[in-house]
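Structural features, examined
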Amino acid sequence: MFGYININRKELKEESAKAYQSYYCGLCQKLKQNCGARGQMLLNYDMTFLVVLLTGLYEFDHEQTEFTCPIHPTKKQRAWINEATAYAADMNVILAVHNLEDDWKDSRAYTKRAFAKRFAKDYERIRRKYPRQTGAVETYMKKLSLAEAANEENIDLIAGLTGEMLGEIFDWKEDEWAEELRCLSFYLGKFIYLMDAYEDFKKDKKRQEYNPFSQMVCQKEGDFETFAKLILTSMMSECAKSFERLPILMHADILRNILYSGVWSRYEYIQIKKRKQQEKKARGKQNVKSL
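The shown structure was predicted, so the numbers you read here are calculated from the model rather than taken from an experiment.

Its place among the elements puts Asn82 in the loop between β2 (77-81) and α4 (83-107). Judged by relative accessible area, which is 8%, Asn82 ranks as buried. Only 2.9 Å separates the side chain of Asn82 from the backbone nitrogen of Ala84, close enough to count as a polar contact. Look past the residues within four positions of Asn82 in its chain and what remains in contact with it is Tyr23, Thr55, Phe60, Asp61 and His62.

As structure tokens, then:
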């Protein structure tokens, strides 16, 4: 579920890249403050996007701190922390705990279940503070499990579950921006679910596990690729339209970089990997013919 909402560093100005990294580090430090060092292990770029989005929308000032990072010990790192950071850190914990539990259910990874249990007290604290958001994630996990078990054929319906859940997360304050934030996150959530399904398609097919794309009737590999690219592009197009309707000027370049380019980084990586596999396969055939 995590790992798709990132920046494209090559296309981002150095100053903006540093600002984004400061928010990322701020989220890391907030997780450490709330949950200890284990909290930092839950850190992801998806929730950094939420920090930047909410900061840009509500134009929060940030508190700047410097710290020594074990990964980069030779130079002091900069962290920016504000109200959005604190909220995103709590949402990060909720989503990560359920992600760990889901991994345990799928593959009986006991280490992940044991790790998830270490956040029990943190989870209850967040549940009391944000019952709507926590309840939405719990309901989502149940609905998704039932839909996948039933081999749901409606791609729009099952992807929409992730969109609805993410809508509750992004709609922090339930104010005048609620409708647009829910619209943006609805399509972003669908994109995340479908991108994850696209990436796992061959693996799920081999293991005979559920995948929403498995219900497609494609005569050729190209048909599947065309359909997948089309539906993913459609989701991000609607997401971007919603973003452009929000009155965001602060960090707008970072957010556009993510929505128009960064979210496609994993897709491009998958395409490069596929091309290399095809080239390797073609060379193998040529070697056989030459014998």
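Attention now goes to the packing of helix α1 (residues 14-35) against helix α12 (residues 252-260). Remark: α1 packs on α12, axes separated minimally by 10 Å, with the N-to-C direction vectors making an angle of 85 degrees. With respect to their mutual orientation, α1 and α12 come out roughly perpendicular. Residues Ser16, Ala19 and Tyr20 of α1 pack against Asp253, Ile254 and Ile258 of α12. Taken together, the residues of the contact of α1 with α12 break down into four nonpolar, one polar and one charged.

A separate point is the state of the cysteines. Applying the stated criterion across every chain, the model contains zero disulfides. Counting only cysteine sulfurs, Cys28 is the nearest neighbor of Cys35, a cysteine outside any disulfide, at a range of 11 Å. Unpaired in this structure, Cys69 has its nearest cysteine sulfur neighbour in Cys28, at a distance of 6.6 Å. With a relative accessible area of 14%, Cys69 lands in the buried category.

What follows deals with the packing of aromatic side chains. Summed over the entire model, instances satisfying the criterion amount to 18 aromatic pairs. On the numbers, 5.4 Å between centres and 25 degrees between planes, the contact of Tyr198 with Tyr267 is stacked. Of this pair, Tyr198 sits in helix α9 (residues 178-199) while Tyr267 sits in helix α13 (residues 265-290); the two residues are 69 residues apart in sequence, bridging distant segments of the chain. The burial state of Tyr198 is the same as that of Tyr267; both residues are buried. Geometrically, the ring pair formed by Phe213 and Phe224 is edge-to-face, given 5.5 Å between the ring centres and 85 degrees between the ring planes. Taken together, the residues Phe213 in the loop between α10 (201-207) and α11 (221-245) and Phe224 in helix α11 connect sequence positions 11 residues apart. Take Phe213: its relative accessible area is 1%, and that puts it in the buried class. By way of ring pairs, the aromatic residues Phe191, Tyr198, Phe201, Phe213, Phe224, Phe227, Trp264 and Tyr267 are connected into one cluster. Taking NZ or CZ as reference, Arg38 lies 5.1 Å from the ring centre of Phe119, over its face.

Cut-offs used in this document
Residues numbered from 1 in each chain as written. Predicted model: local features only at pLDDT ≥ 70, side-chain atom pairs only at ≥ 80, totals over all residues. Heavy atoms only, no water. Helix = DSSP H or I, 4+ residues; strand = E, 2+ residues; numbered from the N terminus. Buried < 20%, exposed > 50% of the residue type's maximum accessible area, 1.4 Å probe, protein only. Polar contact = N/O pair within 3.5 Å; in protein donor to acceptor, adjacent residues only side chain to side chain. Contact = heavy atoms within 4.5 Å. Axes fitted to C-alpha atoms, helices over the stretch in contact; angles between N-to-C directions. Parallel < 35°, antiparallel > 145°, perpendicular 65-115°, else oblique. Nonpolar A, V, L, I, M, F, W, Y, C, P; charged D, E, K, R; others polar. Disulfide = S-S within 2.5 Å. Phe/Tyr/Trp six-rings, centres within 6.5 Å; stacked < 30°, edge-to-face > 60°. Lys NZ or Arg CZ within 6 Å of the ring centre and 35° of its normal.

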